[in-house]
Amino acid sequence: MSLMSDKIAVLFVCLGNICRSPTAEAVFKKKAHDAGLDLIIDSAGTHGYHIGSPPDKRSQSAGTDRGYSFSGLKCRRVDDDDFEKFDYILSMDNSNLKNLHGMSPSEHHHKIHLFLSFCDSTEEEVPDPYYGGKGGFELVLDLIEHASDGLISHIKAQS
Ligand code: 4NP
């Protein structure tokens, strides 16, 4: 359980915290709510290129078209306290997984996973859509929706 409360706390992490991880936050918030789970859900980036910015407009457009809300989301960087506060720290790709391991004390490494390890996707990573076209943002949503369903089943099975 989180140090902040007795709720399970989930943090999604990508590089910039403007495309993939805020999309995961928006999707997982809706799916967890719909599944009747009361969780702490947040997102952050391993780098600080866009601190304080809202999610990328392309991510917001693709996500709102599928019914997800990005209201109030603002880019922030992962900080030391996150490794204490969160029970699940879920990376979108291997590069950020490695960064997270490097940033955290080894006692917290068991909390850090690839997000897609919670589903049966043949993909291992949620690819960075930042420099690509609209299809990349749709693929991000497809993968995140699938992994969110898997994570919800996992959390339900634990409680
Ligand atoms: P994200 O995508 O890690 O999914 O938020 C990126 C956003 C910004 C940059 C790279 C990736 N950037 O280089 O500014």
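Just so it is clear, the structure is predicted and the values come from calculations on it, not from any experiment.

1. Here's the deal with the UniProt feature "domain: Phosphotyrosine protein phosphatase I" (unreviewed entry) in the protein chain
Turning to step 1, where the next piece is worked out: Here, UniProt's "domain: Phosphotyrosine protein phosphatase I" (unreviewed entry) annotation points to residues 8-154.
Turning to step 2, where the next piece is worked out: Secondary structure across residues 8-154 comprises 40% helix and 13% strand; the distance between its end C-alpha atoms is 12 Å.

2. A closer look at the side chain of Ser43
Turning to step 1, where the next piece is worked out: Along the chain, Ser43 falls in strand S2 (residues 40-45).
Turning to step 2, where the next piece is worked out: Since its relative accessible area comes to 3%, Ser43 is described here as buried.
Turning to step 3, where the next piece is worked out: Within the structure, the side chain of Ser43 is placed 3.0 Å from the side chain of Asn17, a separation counted as a polar contact.
Turning to step 4, where the next piece is worked out: With sequence-adjacent residues up to four places away left out, Ser43 is seen in contact with Leu11, Phe12, Asn17, Ser21, Pro22, Glu25 and Arg76.

3. What about the packing of aromatic side chains?
Turning to step 1, where the next piece is worked out: Counting across every chain of the model gives four aromatic pairs.
Turning to step 2, where the next piece is worked out: Here Tyr130 and Tyr131 contribute two aromatic rings whose centre-to-centre distance is 4.8 Å and whose plane-to-plane angle is 85°, an arrangement assigned as edge-to-face.
Turning to step 3, where the next piece is worked out: Given the relative accessible area of 27%, Tyr130 is considered partly exposed.
Turning to step 4, where the next piece is worked out: Looking at Tyr131, the relative accessible area reads 78%, which means it is exposed.
Turning to step 5, where the next piece is worked out: Sitting over the ring of Tyr130, Arg58 keeps its end group 5.4 Å from the ring centre.

4. Focus on the site of the ligand
Turning to step 1, where the next piece is worked out: Around the ligand lies a shell formed by Cys14, Leu15, Gly16, Asn17, Ile18, Cys19, Arg20, Tyr49, His50, Asp128, Tyr130 and Tyr131.
Turning to step 2, where the next piece is worked out: Between the ligand and His50, the relevant distance is 2.9 Å, taken from an oxygen atom to a side-chain nitrogen or oxygen of the residue.
Turning to step 3, where the next piece is worked out: For the ligand, whose free accessible area comes to 350 Å², the fraction covered by protein is 93%.
Turning to step 4, where the next piece is worked out: Grouping the amino acids of the shell around the ligand by side-chain chemistry returns seven nonpolar, three polar and two charged.

5. Some points on the state of the cysteines
Turning to step 1, where the next piece is worked out: Using the criterion set out here, one finds zero disulfides in the structure.
Turning to step 2, where the next piece is worked out: Residue Cys14 stays outside any disulfide, its sulfur separated by 7.0 Å from that of Cys19, the closest cysteine.
Turning to step 3, where the next piece is worked out: Cys14 provides the cysteine sulfur closest to Cys119, a residue in no disulfide bond, and the two sulfurs are 17 Å apart.

6. Remarks on the nonpolar core
Turning to step 1, where the next piece is worked out: In this structure, Val10, Phe12, Phe28, Phe115, Leu151 and Ile155 are the most contacted members of the largest nonpolar core, which totals 36 residues.
Turning to step 2, where the next piece is worked out: Secondary-structure elements contributing two or more residues to this core are strand S1 (9-14), helix H1 (20-34), strand S3 (88-91) and helix H5 (134-158).
Turning to step 3, where the next piece is worked out: Ranked by the residues each element gives to this core, the list is headed by H5, at nine residues.
Turning to step 4, where the next piece is worked out: Once residues lying within four places of it in the same chain are set aside, the contact partners of Leu151 are Val10, Phe12, Phe28, Tyr88, Leu90, Phe115 and Phe118.
Turning to step 5, where the next piece is worked out: Residues Ala9, Val13, Val78 and Leu97 belong to the second largest nonpolar core, which totals 13 residues.

7. Quick notes on helix H4 (residues 94-103)
Turning to step 1, where the next piece is worked out: Along H4, the positions that sit buried rather than exposed are Asn96, Leu97 and Leu100. For H4, the angular spread of the buried residues around the axis is 110°, confining them to a single face. Set apart from the buried face of H4 by more than 90 degrees, the exposed residues are Lys98 and Gly102.
Turning to step 2, where the next piece is worked out: Buried residues in H4 make contact with S1, H1, helix H3 (82-85), S3 and strand S4 (112-114).

8. A word on the sheet that holds S4
Turning to step 1, where the next piece is worked out: Read from one edge to the other, the open sheet built from four strands follows the order S2-S1-S3-S4, with strand pairing classed as parallel. Taken across any chain shown, the strands that pair with only one partner, and hence form the sheet edges, are S2 and S4. For this sheet, the mean angle separating the axes of adjacent strands, direction not counted, is 25°.
Turning to step 2, where the next piece is worked out: Sheet topology note: the S1/S2 ladder contains six bridges and is parallel. Each bridged residue has a counterpart across the sheet, and for Cys14 the counterpart in S2 is Gly45.
Turning to step 3, where the next piece is worked out: Against the sheet, H4 makes contact with S1, S3 and S4, and its axis sits at roughly 175° relative to S4, the strand it touches most.

Thresholds, definitions, all that
- Residues numbered from 1 in each chain as written.
- Predicted model: local features only at pLDDT ≥ 70, side-chain atom pairs only at ≥ 80, totals over all residues.
- Heavy atoms only, no water.
- UniProt positions renumbered as here; feature names shortened; annotations may be inferred.
- Helix = DSSP H or I, 4+ residues; strand = E, 2+ residues; numbered from the N terminus.
- Buried < 20%, exposed > 50% of the residue type's maximum accessible area, 1.4 Å probe, protein only.
- Polar contact = N/O pair within 3.5 Å; in protein donor to acceptor, adjacent residues only side chain to side chain.
- Contact = heavy atoms within 4.5 Å.
- Phe/Tyr/Trp six-rings, centres within 6.5 Å; stacked < 30°, edge-to-face > 60°.
- Lys NZ or Arg CZ within 6 Å of the ring centre and 35° of its normal.
- Near = heavy atom within 4 Å.
- Areas by Shrake-Rupley, 256 points an atom, 1.4 Å probe, with all protein chains shown as cover.
- Nonpolar A, V, L, I, M, F, W, Y, C, P; charged D, E, K, R; others polar.
- Disulfide = S-S within 2.5 Å.
- Core = buried A, V, L, I, M, F, W, Y, C linked by side-chain atoms within 4.5 Å.
- Arc of directions from axis to C-beta.
- Pairing = 2+ DSSP bridges.
- Axes fitted to C-alpha atoms, helices over the stretch in contact; angles between N-to-C directions.

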